[in-house]
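Observations on the model geometry
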Amino acid sequence: MTLRRFSFIYSICLMCIFSALLIGYRYYFEYPQILQRIVMLQTRELHAVDIMIDQQLQQLAISNYDYAVWDESYEFIQYPTRAFITENFLDDTFTSLKIDGAIFVGKNKKIQWERGFDYVEKRALSVEPLDVVTAEIVNITYPTSSQTDAVPQKMGFISTNYGPVMFASSQLRQSDRSGQQVGMLLFIRKVRLSLIHQLADFSQLSITQGDINAQQNIDHIPDISAPIGDAAFSLTRQRVIKDITGKAIIILNIRHINNDPPPFFNHTLQIILVVLITIPFILQWIVNLMFIRPITIGITNIVNMIYRGELTPLKGESNILEIQKLITSFNQLVNIVNQQKEDLEVLALKDALTGIANRRAFENHLSLSWSLTQRNALPLAIVMVDIDFFKHYNDNLGHQAGDAAIQQVATTLSQHLVRNDDMVARYGGEEFAIILINTDISHVQSMMSRLLLAVRHLAISHPGSSVSSHLTISLGAAVTTQFECTSVDELLLHADQALYQAKSAGRNNAMLWGS
Ligand SMILES: Nc1nc2c(ncn2[C@@H]2O[C@H](COP(=O)(O)OP(=O)(O)OP(=O)(O)O)[C@@H](O)[C@H]2O)c(=O)[nH]1
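Being a predicted model, the structure only gives us computed values, none of them experimental.

Next up on the list: the site of the ligand. Taken together, 16 residues are adjacent to the ligand, and Asp388, Phe390, Lys391, Gly402 and Gly429 come closest. Looking at the shell around the ligand element by element, the count peaks at four residues for helix H12 (residues 399–415). For the shell around the ligand, the per-class residue count stands at five nonpolar, four polar and seven charged.

This is the structure we're talking about:
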């Protein structure tokens, strides 16, 4: 896996973890709290409906009480007269009291007088309300109060052939609330659509009346006065209004209109998620710029170095300390390796014993010199040098003395070469080779004479030599201007032949090929 891919996957993983944490926090903590607050508001709205219903009942109960606790009503129940009814229970009375029925119930639950009148449509009800009002109202058992001035009252809902109605009933008492409990007065009011509208207006809810007959199972629907409690959030719910026997008679389909929950993915969450999604790409860009790019550039440069077989210091700098240290250390390593390489190259071209060029260096230089002199039509000379009777020297004075002698001869030979292009090399054993560029025959000859003399002047004692008491050398040279030279090997061969001639001629002398 590349560093780039790794960092990208890493950032994506981070983004996923942070997003999951954020969404999880919203899902498990924040959002339920928001919904719970809305549920509290909804509870208040439902409570408002309950209060409104109660107010309606109270209103009816007050009118009912006014008529029930009245001397004339009290008298009527004992001594009924037509005049009382015609004076006090006119059509207008129903309209002003907003009732659809009034019933006087005398002793032993006997109905004394009753009338049904639709106060909205202003017409007598075709069926007298009492016929349809269930017996429960008439049979209401009022608590027998020990207080003589108490006026037992009842109110609530009841189901009738007209549909659900509100009712209020009070014991008939004299206006000073004295006298025997001789009967009761009952008012009823139909539950109309207008009541539902009033409830909706008052509670700021959308309320419709459900069809109680079509509803399959109403037992599970809570009463309007029941609290929402810990119920889950919902924008719609059903509530029932129960009659005095506890039977559901009205279904209210309620919709909360002013407290829609905010979207789960609100603007803040959306912005944070967008930021979280963007972060991996920004991180990737930064990581790429700061870390990966310098590293990949470095890798490319190193691969190129491997390909070229040449180490060069890395360019570029990084603000990251570790990467900068890596670059610096690598460059230091490159310098060390290059230095070692240089040293090795030098060592590879140097003779270990004498410190002058070795045969490999000689051949390289000879090849270059050949090209140079051929191109510029210059003379090129090779001088082969060999120490005389060196085997005897070693045999007489030992190998170490032999090494020392070789070193002295090498130093002497190199001291006599002053031009940069010239070279003296140890050709092998006690044999040396000299390259002289742009040197004519006479100069080669005088150079050889000087070298002969110089070695002689070293005055190295050579007991095994039959030509001198001191160490001597023999020299053989060949110059390109002497013959039709076609190759460097030919020149080398002739120089070697000249040396052979010098040896054959008695040693301790110099020979020029062909002379
Ligand atoms: N001490 C020492 N001896 C070396 C070295 N290289 C070669 N020799 C010796 O040089 C001697 C060369 O002997 P030969 O090739 O027979 O030649 P020579 O004895 O010099 O006789 P001529 O060349 O004919 O004068 C050998 O005995 C080698 O062992 C070296 O590095 N150190």
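The strand order S7-S9-S8 describes an open sheet built from three strands, whose pairing is antiparallel. Pairing within the sheet leaves two strands with one partner each, and these edge strands are strand S7 (205–210) and strand S8 (236–242). Between one strand axis and the next, the sheet turns by 30 degrees as a mean value, whatever way the strands run. Pairing analysis gives seven bridges linking S8 to strand S9 (residues 248–256), with the strands arranged antiparallel. What sits directly across from Ile241, in S9, is Ile250.

The biggest cluster of nonpolar side chains holds 50 residues, and the ones touching the most others in it are Ile382, Val383, Ile434, Leu475, Ala477 and Ala495. Ranked by the residues each element gives to this core, the list is headed by strand S10 (residues 380–387), at seven residues. Here Val383 is in contact with Ile434, Leu436, Val444, Met448, Leu475, Ala477 and Ala495, once residues within four sequence places are set aside. By size, the runner-up hydrophobic cluster in this structure holds 44 residues, among which are Ile99, Phe104, Phe157 and Ile224.

What follows covers helix H1 (residues 3–68). With 66 residues, H1 should cover 98 Å at 1.5 Å per step; its first-to-last C-alpha distance of 94 Å lies within 8% of that length. Along H1, the sharpest change in direction is near 40 degrees and occurs at Arg26.

Below, the discussion takes up the pairing of strand S11 (residues 423–428). Within S11, five of the six residues are buried, which leaves the element mostly enclosed by the surrounding structure. Pairing of S11 with strand S12 (residues 431–437), which is carried by five bridges, proceeds in the antiparallel orientation. Directly across from Ala425, in S12, lies its bridge partner Ala433. A loop of two residues connects S11 with S12, the two strands running antiparallel in sequence, and Gly429 in this loop sits at a positive phi of about 55 degrees.

Okay, the sheet that holds S12 next. Taken in spatial order, the five strands of this open sheet run S11-S12-S10-S13-S14, and their pairing is mixed. Two strands lie at the open edges of the sheet, namely S11 and strand S14 (510–512), each paired on one side alone. Each strand of the sheet is rotated relative to its neighbour by a mean of 20 degrees, with strand direction disregarded. By the bridge criterion, seven bridges tie S10 to strand S13 (residues 473–479) in an arrangement that is antiparallel. Across the sheet, residue Ile382 finds its bridge partner in S13, namely Ala478. Packed on one face of the sheet, helix H14 (residues 488–504) meets S10, S13 and S14 and runs near 145 degrees to S13.

Moving on: the UniProt feature "transmembrane region" (unreviewed entry) in the chain. Annotation from UniProt places "transmembrane region" (unreviewed entry) at residues 7–28 and 271–292. Taken as a whole, residues 7–28 contains 100% helix and 0% strand, while its terminal C-alpha atoms sit 31 Å from one another. Taken end to end, residues 271–292 comprises 100% helix and 0% strand; its first and last C-alpha atoms sit 29 Å apart.

Positive phi values are uncommon outside glycine, yet Lys122 reaches one of about 55 degrees. Within the secondary structure, Lys122 sits in the loop between strand S2 (111–118) and strand S3 (123–124). You will see that Arg507, though not glycine, has its phi angle at about 75 degrees, which is positive. Following the sequence through the fold, Arg507 ends up in the loop between H14 and S14. A tally of 18 C-beta atoms within 10 Å means that Arg507 is categorised as partly exposed.

On to the pairing of strand S5 (residues 163–171). Here S5 lies mainly inside the structure; seven of its nine residues are buried. Looking at chain direction, strand S4 (residues 153–160) and S5 are connected through eight bridges and run antiparallel. Its bridge partner being in S5, Ile158 is matched across the sheet by Val165. Counting the residues that bridge the hairpin from S4 to S5 gives two residues. Here S5 pairs with strand S6 (residues 184–190) via seven bridges, running antiparallel.

Chain-level pLDDT for the chain is 89 on average; 95% of the residues reach the 70-or-more range. Across the predicted assembly, pTM comes out at 0.57 and ipTM at 0.95.

Moving on, we come to the packing of H1 against helix H7 (residues 193–203). Think of two packed helices as two axes; the pair is described by the angle between the axes and how far apart they sit. One way to put it is that H1 packs onto H7 with a least axis distance of 9 Å and a crossing angle of 135 degrees. The orientation of H1 with respect to H7, classified from their angle, is oblique. Relative to H7, H1 is oriented so that their crossing is right-handed. Of H7, the residues touching H1 (which contributes Glu45, Ala48, Val49, Met52, Ile53 and Gln56) are Leu195, Gln198, Leu199, Phe202 and Ser203. Split into classes, the residues belonging to the contact of H1 with H7 amount to seven nonpolar, three polar and one charged.

Moving on, we get to the environment of Asp118. Along the chain, the position of Asp118 falls in strand S2. Considered as a pair, Asp118 and Thr95 are 23 residues apart in the sequence and their alpha carbons are 8.2 Å apart. Setting aside anything within four residues of it in sequence, one finds Asp118 in contact with Asp100, Arg123 and Leu125.

What counts and what doesn't
- Residues numbered from 1 in each chain as written.
- Predicted model: local features only at pLDDT ≥ 70, side-chain atom pairs only at ≥ 80, totals over all residues.
- Near = placed C-beta within 6 Å.
- Helix = DSSP H or I, 4+ residues; strand = E, 2+ residues; numbered from the N terminus.
- Nonpolar A, V, L, I, M, F, W, Y, C, P; charged D, E, K, R; others polar.
- Pairing = 2+ DSSP bridges.
- Axes fitted to C-alpha atoms, helices over the stretch in contact; angles between N-to-C directions.
- Core = buried A, V, L, I, M, F, W, Y, C linked by C-beta atoms within 7 Å.
- Buried ≥ 20, exposed ≤ 12 C-beta atoms within 10 Å, placed from the backbone.
- Contact = placed C-beta atoms within 7 Å.
- Expected span 1.5 Å × (residues − 1).
- Bend = angle between axes of the 7 residues up to and from the residue.
- UniProt positions renumbered as here; feature names shortened; annotations may be inferred.
- pLDDT = per-residue confidence, 0-100.
- Parallel < 35°, antiparallel > 145°, perpendicular 65-115°, else oblique.
- Left-handed = near helix turned anticlockwise from the far one by under 90°.

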